[in-house]
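# Chains, contacts and geometry: an overview
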Amino acid sequence: MKITEIEVIPVWMEPSDLYHRMFGSNKAVGTSVHAREAWFANIEYKQNVFIKIFTDEGIIGWGEATAHPVTSETQESIVSTIKLFAKQIIGMNPFHIGAVHEKLDDLFLHGNAGARSAIDIACYDIMGKASGQPIYNLLGGGFQTEFGLMGTTPRETPEKMAEQVAALSEKGYTCFEPKMTGHLESLDADGDRLEAILKVAPKEALIMADPNQTWGTAKDSIELLLRRFQGVQNLAVEQPVMYHDLKGLAEITRAVPQKIIADEAITSVNTMIEIAAHHMADMISIKLGKCGGFYKAMQIIRMAEAASMPVRIDWTQGSRLLDTATGHMHAAVRLVACDPGMDYHLRLKDEPVADGGAQFDGGNCKMPDGPGLGLTVDEDVVKRMSERG
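Keep in mind the model is a prediction, meaning the values are calculated, not measured.

## Focus on helix 4 (residues 97-107)
- Every buried residue of helix 4 is accounted for by Ile 97, Val 100, His 101 and Leu 104. Along the axis of helix 4, the buried residues cluster in a sector spanning 95°; they form a single face.

Printed below as a string of structure tokens:
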């Protein structure tokens with residue numbers, strides 16, 4: 001089997017009201033709802049890129065990349081990069097996924113994770129279709145194919161955030177990621193938010209505070225957690241310090257009883273080696289688009305599992321196609337930290353999946369057992385989204 005063509009399709013997806021609430025559109029002047037709201041707030045369309053990889057055996061694979069500040073990619077840069085990557089891998093066998101990634105690494109040693117991920121997802125979709133297997137079986141097997149969901153809440157007042165968590169809990173969501181303000185407001189303001197949420201959340205539900213690196217120094221984080229949450233067992237904190245401050249992350253991990261989650265700190269397979277070897281965090285958070293696709297994401301996941309560090313899977317900001325891809329990765333995790341975040345598509349009005357894909361019922365998800373991604377793309381919807389630009 002050989003790759004014969006790669007079609008690159010930039011798309012403009014319409015955000016829903018839920019999206020605008022999440023990312024701070026029309027927020028009050030002087031307030032902050034999301035750490036990267038300058039990128040996300042008040043947009044007319046969410047800009048992503050779909051790709052189709054064609055093969056000489058007639059099998060077509062689909063992938064999707066998201067324009068996102070974490071990977072420093074815009075829609076335009078993703079389109080340009082995939083076109084450059086295409087020149088390197090046309091004629092290759094998509095089953096030789098390691099060799100495909102080697103070609104991509106030879107062209108750009110670092111960066112372009114979203115563009116790499118779109119190609120990787122499409123290759124795995126082809127491999128699954130050719131072998132008659134869902135992608136999760138190609139990643140090590142489906143340890144779980146039906147599971148709950150993590151609910152993400154925007155920064156708001158303690159009362160409003162507690163109301164959101166209570167409502168999501170009623171729908172069946174099993175764990176929660178409330179966004180924090182950090183030093184954009186104050187750490188004690190975040191403490192007030194967390195106390196309000198903890199009062200209404202089920203005791204077994206893990207609450208993962210997400211300051212998006214805004215809690216300042218390791219000492220700042222340690223002081224807050226020891227002063228206000230000493231005996232709280234179902235609280236975790238995701239990436240309180242800057243991504244490059246691995247020593248600070250390790251210092252917090254050793255000092256507090258709560259679980260500390262490495263997220264932005266995992267910039268590559270190499271940084272995961274260091275984090276795992278020195279146990280610089282209690283858990284890790286993985287996003288498919290940030291890792292460059294399944295191939296490298298699974299290397300990171302298996303390293304974490306070998307170091308007895310549970311794994312949480314979070315959404316990459318895309319359609320139900322990309323959320324389904326995220327679900328395949330979660331299904332293949334052996335040491336699960338909590339249920340995954342994969343409901344981003346609910347924040348978009350467009351539905352490019354015509355049939356199949358991950359199925360959602362409140363706070364529950366069931367993965368497809370069909371080959372590849374296990375879905376059919378509605379190409380008319382994709383065409384309509386591509387014509388908005």
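From this point, things continue past the structure.
## Side note on the sheet that holds strand 14 (residues 364-366)
- The strand order across the open sheet built from 3 strands is 4-14-13, with neighbouring strands paired in antiparallel fashion. The outermost strands of the open sheet, each flanked by one partner alone, are strand 4 (146-148) and strand 13 (359-361). Going across the sheet, the axis of each strand differs from the next one's by a mean of 25°, ignoring polarity.
- Two strands pair when backbone bridges link them, and strand 4 and strand 14 are joined in this way by 3 bridges, in the antiparallel orientation. By the bridge assignment, Gly 148 is partnered in strand 14 with Asn 364.

## A closer look at the packing of helix 3 (residues 75-89) against helix 4
- Running from N to C, helix 3 and helix 4 point in directions that differ by 125°, and their axes come no closer than 9 Å. By the criterion of interaxial angle, the relationship of helix 3 to helix 4 is oblique. You can see that helix 3 and helix 4 cross each other, and the crossing is right-handed. Contacts between helix 3 and helix 4 involve Leu 84, Phe 85, Gln 88 and Ile 89 on the former and, on the latter, Val 100, Lys 103, Leu 104 and Leu 107.
- Classifying every residue of the contact of helix 3 with helix 4 by side-chain character gives 6 nonpolar, 1 polar and 1 charged.

## A word on helix 8 (residues 187-200)
- A rise of 1.5 Å per residue sets the reference length of helix 8, with its 14 residues, at 20 Å; its end C-alpha atoms lie 21 Å apart and thus fit the reference within 8%.
- Regarding helix 8, the residues found buried are Leu 187, Ala 189, Asp 190, Gly 191, Arg 193, Leu 194, Ala 196, Ile 197 and Leu 198.
- Check the buried side of helix 8 and you find it contacts helix 7 (158-171), strand 6 (175-178), strand 7 (207-209), helix 9 (218-228) and strand 8 (235-238).

Conventions adopted
- Residues numbered from 1 in each chain as written.
- Predicted model: local features only at pLDDT ≥ 70, side-chain atom pairs only at ≥ 80, totals over all residues.
- Heavy atoms only, no water.
- Buried < 20%, exposed > 50% of the residue type's maximum accessible area, 1.4 Å probe, protein only.
- Helix = DSSP H or I, 4+ residues; strand = E, 2+ residues; numbered from the N terminus.
- Arc of directions from axis to C-beta.
- Pairing = 2+ DSSP bridges.
- Axes fitted to C-alpha atoms, helices over the stretch in contact; angles between N-to-C directions.
- Parallel < 35°, antiparallel > 145°, perpendicular 65-115°, else oblique.
- Left-handed = near helix turned anticlockwise from the far one by under 90°.
- Contact = heavy atoms within 4.5 Å.
- Nonpolar A, V, L, I, M, F, W, Y, C, P; charged D, E, K, R; others polar.
- Expected span 1.5 Å × (residues − 1).

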